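# Structure assessment
Each chain, written out:
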Amino acid sequence: AFPVIVDFDAGWASKFVRFNNAVIVDVSVSDNNKVWYMVRFERDEYPGIAIIEPEPDWSGYSTLCVNIFSAYESNAALVLRVYDNAHNHHYSDRFNKTLIIKPGLNEIKILLEQVKHGPVYRELDLVNVAGIELFANNPDTYIQFRMSNIYLK
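Within any chain, residue numbers begin from 1 and follow the written order of that chain's sequence. In view of the model being predicted, local features appear only for residues whose pLDDT reaches at least 70, and side-chain atom pairs are presented and counted only at 80 or more, with totals across whole chains, interfaces and linings using the full set of residues. Side-chain numbers come from the whole structure's heavy atoms, not from hydrogens or water.

### Describing the nonpolar core
Nonpolar cores were defined as sets of buried Ala, Val, Leu, Ile, Met, Phe, Trp, Tyr and Cys residues, with membership established by side-chain atoms within 4.5 Å. Burial classes follow relative accessibility: with a 1.4 Å probe on protein chains only, a residue under 20% of its type's maximum area counts as buried, one over 50% as exposed, and anything between as partly exposed. In terms of nonpolar packing, the biggest core is built from 36 residues, with Phe41, Trp58, Leu64, Leu78 and Val82 touching the most fellow members. Strands here mean DSSP runs of E at least two residues long; helices mean DSSP runs of H or I at least four residues long; both are numbered from the N terminus. Per element, the largest residue contribution to this core is 4 residues, and it comes from strand E7 (residues 76-84). Contacts are assigned to residue pairs with any non-hydrogen atoms lying within 4.5 Å of each other. Ignoring anything within four residues of it in the chain, the contact list for Trp58 reads Phe2, Ile5, Leu64, Val82, Leu112, Leu126, Val129, Ile132 and Leu152.

Below is the structure:
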């Protein structure tokens, strides 16, 4: 399915996706046949989704994409993390970005050049990407969004 990083509906995805106090509560298909997943992030310290062992070589692409729809009336935040095989488990040794999720449709596009320069002391190896995480940071109550698959362009 590459350049789709994760297709939550595909049988193979369950081997590579870990839900940490997050759950898919609904699946719908839009008029243009786009699949949307309602993901609920529970009230917890870091509820989220981890994609382990994605296709490692992102060097032929320029952008990491995901569409997120929020029905909330105010902004919310999710954190996107990308790390490679050389990651030393320190915050400064990976790409971290807080995504401000506005009401309505959010077309999230992150240049892989930014991901590459995420670690403070080195470049992230886009040929050996080891994982992606999308999580909330200690929400007061559960939050939920409609999300598309995560993919590269």
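### Brief notes about the sheet that holds strand E2 (residues 17-20)
If you walk across this open sheet you meet the 5 strands as E2-E5-E10-E7-E8, and the pairing is antiparallel. Because the sheet does not close on itself, it has two edges, and the strands there are E2 and strand E8 (95-101). Recorded for the sheet is a direction-independent mean angle of 15 degrees between the axes of neighbouring strands. Where strand E5 (residues 48-52) lies against strand E10 (residues 129-135), 5 bridges are found, and the strand directions are antiparallel. The residue bridging Ile51 from the neighbouring strand is Ile132, located in E10. By the convention used here, strands pair only if DSSP detects at least 2 bridges between them. For every element, the axis is a line fit to its C-alpha atoms; helices are fit only across the contacting stretch, and the angle between N-to-C directions ranges from 0 to 180 degrees.

### Section: the environment of Asn85
With respect to the helices, strands and loops of the structure, Asn85 is situated in the loop between E7 and E8. Taking relative accessible area as the criterion, Asn85 reaches 56% and is therefore assigned exposed. Taking C-alpha positions, Asn85 is 6.3 Å from Val129, a pair spaced 44 residues apart along the chain.

### Examining the pattern of salt bridges
A pair is scored as a salt bridge if a Lys or Arg side-chain nitrogen falls within 4 Å of a carboxyl oxygen belonging to Asp or Glu. For the structure shown, the criterion picks out 6 salt bridges. Between Arg146 and Asp26 there is a salt bridge, with the nearest N and O atoms lying 2.8 Å from each other. Residue Arg146 is located in strand E11 (residues 143-147), and its partner Asp26 is located in strand E3 (residues 22-29); the two are separated by 120 residues in the primary sequence. The partly exposed category is assigned to Arg146, whose relative accessible area is 22%. The partly exposed category is assigned to Asp26, whose relative accessible area is 32%. Arg122 is the partner of Asp84 in a salt bridge, and the nearest nitrogen-oxygen pair spans 2.7 Å. Of this pair, Asp84 sits in strand E7 while Arg122 sits in the loop between helix H1 (112-116) and E10; the two residues are 38 residues apart in sequence, bridging distant segments of the chain. Judged by relative accessible area, which is 2%, Asp84 ranks as buried. Residue Arg122 is classed as partly exposed on the basis of its relative accessible area of 24%. What you see here is one network of salt bridges that share partners, running through Asp84, Asp93 and Arg122.

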